[in-house]
Amino acid sequence: MNIRESNTMPKDDIRSRLGLRPVINVSGTMTSLGASIVVPQAVEAVSAILTEFVELGDLHRRASTVIAELTGAEAGFITASCSAAISLAVAAAMTGRDLAAIERLPDTTGLKNEVLIQSGHMVSYGAPVEQAIRLAGAKVVPVGQATGAAAYQLRGAINERTAAALYVVSHHVVDYAQIPLKVFATVAHERGIPVIVDAASEYDLAGFLADGADLVLYSGHKFLGGPTSGIVAGPKEMVRNVYLQNRGIGRGMKVGKEGIVGALAALQAWKTRDHDGIRARERKALDCWVEALDGRAGITARIVPDPTNNPLDRLIISVNPNEARITAWDLADRMAAGDRPVIVRDHEVEHGYFYLDPCNLHPDEEFVVAARLAEELDRARGSNEIIATPFEERLLAREAAILKWPD
Ligand SMILES: *Cc1c(COP(=O)(O)O)cnc(C)c1O
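Residues numbered from 1 in each chain as written. Predicted model: local features only at pLDDT ≥ 70, side-chain atom pairs only at ≥ 80, totals over all residues. Heavy atoms only, no water.

K.L.:
Go over the packing of aromatic side chains, please, and point to the residues and values.
P.N.:
Scanning the model with the defined rule gives 8 aromatic pairs in all. Aromatic pair tyrosine 167 and phenylalanine 184: ring centres 5.0 Å apart, planes at 70 degrees, arrangement edge-to-face. Of the two residues, tyrosine 167 sits in strand β5 (residues 162-168) while phenylalanine 184 sits in helix α8 (residues 181-190), which places them 17 residues apart along the sequence. In terms of burial, tyrosine 167 and phenylalanine 184 fall into one category: buried. Through pairs of rings, three or more aromatic residues link up here, namely Tyr203, Tyr218, Phe223 and Trp270. Between lysine 257 and the ring centre of phenylalanine 53, over which it is positioned, the NZ or CZ distance is 5.8 Å. (Phe/Tyr/Trp six-rings, centres within 6.5 Å; stacked < 30°, edge-to-face > 60°. Helix = DSSP H or I, 4+ residues; strand = E, 2+ residues; numbered from the N terminus. Buried < 20%, exposed > 50% of the residue type's maximum accessible area, 1.4 Å probe, protein only. Lys NZ or Arg CZ within 6 Å of the ring centre and 35° of its normal.)

Written out as structure tokens, the structure reads:
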């Protein structure tokens, strides 16, 4: 197929009107690419509310009911993002319902202000998770080492200043020798410490509460396909204390009416979503790529499950540069270049592999991805030299590019 003439891109695409490249996203739900494809129900709801007035407290009450229904929690609250939800949940753990304390934050004088987190959970999702804790005025207390944490270390870190313990669920966290959530929650609860679970990208809306989380936090714009938003679920009093932060540090992180109704619509749509049908469509994309790569020199492709057990698979593509005549990262970069950029999942690419994530494709885009792979691999095989940018050079170039914006 001639990919430039392929009909996978509408002619009046807003991106071309703005002079932006029409990205194909096979990297996952990345904020830097616009997160996810917002579901039609949320698109409709956002546009319907934008021109209307509404009593925001009542809208939040409605959202609370829907979140409660889906998560099994008592109450829920929509925030600007999961990152905001972390800051506000930490703030709530420190202030409770004390409105004066809420207005004083991030000054925490007189409040319990320490938040425990396993060292192996101190990840970056584009910004450091521990900064979201500090934003509320809290002090981060790491537990254990990156290579592991134990229940006795968590127990030993709890004192009279401990306000909360944060547990992160993510493919980014160290995936061995960490304290399992059930144990983490038991130890924290023995001393009356609330457990906040950052489950931003996790499809499981009920399991973390069942495993001992007091508050569980999700992104609205990842798997749910809502507009940019965050979701808090938990006991009524704790969720209310998070809500009250809108009178304090939450003001600068507020979600508007469109974010609330959009997240609400995405949650409602989640209930009736054709999960099996979507899984089957994703499988077809994976199979298409496996077929496109079959027999190519230096390339091995394998379908692998999601590392945190979300119901989705990805394709891992390993590149042997001697045979493929290109490194994995040069292949990733060439896929991302040009007028039909394909952005792959390359957070571990120095190991010589990257992933293709099929969760954010529009119909038929998988064929464009397959064609672009074939095109770049053919080109590499035809090149006189192995295409091998030193990895350090790529790292430094990326860092320099960040600091150049808006140029
Ligand atoms: C994406 C992510 C976040 C941030 O979520 P936003 O809603 O984009 O702020 C936080 N934690 C984890 C583990 C994430 O994956």
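Having seen it, we continue.
K.L.:
Explain helix α4 (residues 82-95) to me, and be specific about the residues and the numbers.
P.N.:
Compared with the 20 Å implied by 1.5 Å per residue over 14 residues, the 20 Å span of α4 between its first and last C-alpha is a close match. The element α4 is extensively covered by neighbouring structure, given that 12 of its 14 residues are classed as buried. Every buried residue belonging to α4 is among Cys82, Ala84, Ala85, Ile86, Ser87, Leu88, Ala89, Val90, Ala91, Ala92, Met94 and Thr95, and all of these are buried. Positioned one or two residues after α4, glycine 96 has a phi angle of 60 degrees, which is positive. (Expected span 1.5 Å × (residues − 1).)

K.L.:
Summarise helix α12 (residues 275-293); cite the residues concerned and give the values.
P.N.:
With 19 residues, α12 extends 27 Å between its outermost C-alpha atoms, agreeing within 8% with the 27 Å of an ideal straight helix rising 1.5 Å per residue. When α12 is considered as a whole, its buried residues turn out to be Glu282, Ala285, Leu286, Cys288, Trp289 and Leu293. Buried residues in α12, looked at end-on, bunch into an arc of 155 degrees, giving them a common side. When the buried face of α12 is taken as reference, the exposed residues oriented beyond 90 degrees from it are Asp276, Lys284 and Glu291. Buried residues along α12 sit in contact with β1 (24-26), β9 (299-305), β10 (313-319), β12 (353-356) and α15 (365-381). (Arc of directions from axis to C-beta. Contact = heavy atoms within 4.5 Å.)

K.L.:
With reference to specific residues and values, describe the sheet that holds β9.
P.N.:
Taken together, 3 strands build an open sheet; the order of strands is β9-β10-β12 and the sheet is antiparallel. Two strands close off the open sheet at either side, each with one partner strand: β9 and β12. Taken over all neighbouring pairs, the strand axes of this sheet differ in orientation by 25 degrees on average, direction set aside. As defined by bridge partners, β9 adjoins β10 across 7 bridges and the pair is classed as antiparallel. Its bridge partner lying in β10, alanine 301 is registered against isoleucine 317. With respect to the sheet, α12 is in contact with β9, β10 and β12, its orientation differing from that of β10 by roughly 15 degrees. (Pairing = 2+ DSSP bridges. Axes fitted to C-alpha atoms, helices over the stretch in contact; angles between N-to-C directions.)

K.L.:
Explain the pairing of strand β6 (residues 195-198) to me, using residue names and the numbers behind them.
P.N.:
A two-sided burial pattern is seen for β6, the buried positions comprising Val195 and Val197 on one face and Ile196 and Asp198 on the other. Judged from the 4 bridges that link them, β5 and β6 form a sheet pairing that is parallel. Residue pairing in the sheet places valine 168 in a bridge with aspartate 198 of β6. Tracing the backbone out of β5, into α8 and back to the parallel element β6 gives a crossover that is right-handed. Where β6 and strand β7 (residues 215-219) come together, 3 bridges link them in parallel fashion. Its bridge partner being in β7, isoleucine 196 is matched across the sheet by leucine 215. (Right-handed = clockwise from strand over helix to strand, strands pointing away.)

K.L.:
Help me get a handle on the UniProt feature "modified residue: N6-(pyridoxal phosphate)lysine" (unreviewed entry) in the protein, residues and values and all.
P.N.:
Per the UniProt entry, the sites bearing "modified residue: N6-(pyridoxal phosphate)lysine" (unreviewed entry) are Lys222 in this numbering. By secondary structure assignment, the location of lysine 222 is in the loop between β7 and β8 (230-234). (UniProt positions renumbered as here; feature names shortened; annotations may be inferred.)

K.L.:
Which residues make up the site of the ligand, and what are the values?
P.N.:
The ligand sits among 14 residues. The nearest are Cys82, Ser83, Asp198, Ser219 and Lys222. One nitrogen or oxygen atom from the side chain of serine 81 is found 3.4 Å from an oxygen atom belonging to the ligand. Alone, the ligand offers 380 Å² of accessible surface; in the complex the protein occludes 92% of this. Each residue belonging to the shell around the ligand can be placed in one class, and the counts come to 5 nonpolar, 7 polar and 2 charged. (Near = heavy atom within 4 Å. Polar contact = N/O pair within 3.5 Å; in protein donor to acceptor, adjacent residues only side chain to side chain. Areas by Shrake-Rupley, 256 points an atom, 1.4 Å probe, with all protein chains shown as cover. Nonpolar A, V, L, I, M, F, W, Y, C, P; charged D, E, K, R; others polar.)

K.L.:
Now, about the packing of helix α14 (residues 328-335) against α15: what can you tell me, with residues and values included?
P.N.:
Two numbers describe a pair of packed helices, the interaxial angle and the distance between the axes. Between α14 and α15, whose axes approach to 10 Å, the crossing angle comes to 125 degrees. It follows that α14 is oblique to α15 by the angle criterion. When the axes of α14 and α15 are compared, the crossing they make is right-handed. Side by side, α14 and α15 meet where Leu331, Arg334 and Met335 of the first sit next to Val369, Arg372, Leu373, Glu376 and Leu377 of the second. Split into classes, the residues belonging to the contact of α14 with α15 amount to 5 nonpolar, no polar and 3 charged. (Parallel < 35°, antiparallel > 145°, perpendicular 65-115°, else oblique. Left-handed = near helix turned anticlockwise from the far one by under 90°.)

K.L.:
Can you lay out the environment of glycine 126 for me, pointing to particular residues and giving the numbers?
P.N.:
Structurally, glycine 126 is set in the loop between β3 (114-118) and α6 (129-134). Between the C-alpha atom of glycine 126 and that of serine 32, which follows or precedes it by 94 residues, the distance is 8.5 Å.

K.L.:
Describe the nonpolar core, with residues and values.
P.N.:
Across soluble globular proteins, nonpolar side chains show a tendency to be buried alongside one another. Ile78, Leu116, Val197, Phe208, Val216 and Tyr218 are the most contacted members of the largest nonpolar core, which totals 53 residues. Of all the elements, helix α11 (residues 257-272) adds the most residues to this core, at 9 residues. Apart from residues lying up to four places away in sequence, isoleucine 78 is in contact with His60, Ala63, Ile67, Ser229, Gly230, Ile231, Val255, Gly259, Ile260 and Ala263. Among the nonpolar cores identified, the runner-up in size contains 39 residues, and Ala84, Leu111, Val123 and Val129 belong to it. (Core = buried A, V, L, I, M, F, W, Y, C linked by side-chain atoms within 4.5 Å.)

K.L.:
So what about the pairing of β3? Which residues, and what values?
P.N.:
With 5 of 5 residues buried, β3 is to be regarded as a mostly interior element. Residues Glu114, Leu116 and Gln118 point to one face of β3 and Val115 and Ile117 to the other, with burial holding for every one of them. Note: β3 against strand β4 (residues 139-143), 5 bridges, orientation parallel. By the bridge assignment for β4, glutamine 118 is matched with valine 143. Summarising the sheet, β3 and β5 pair through 4 bridges and their orientation is parallel.

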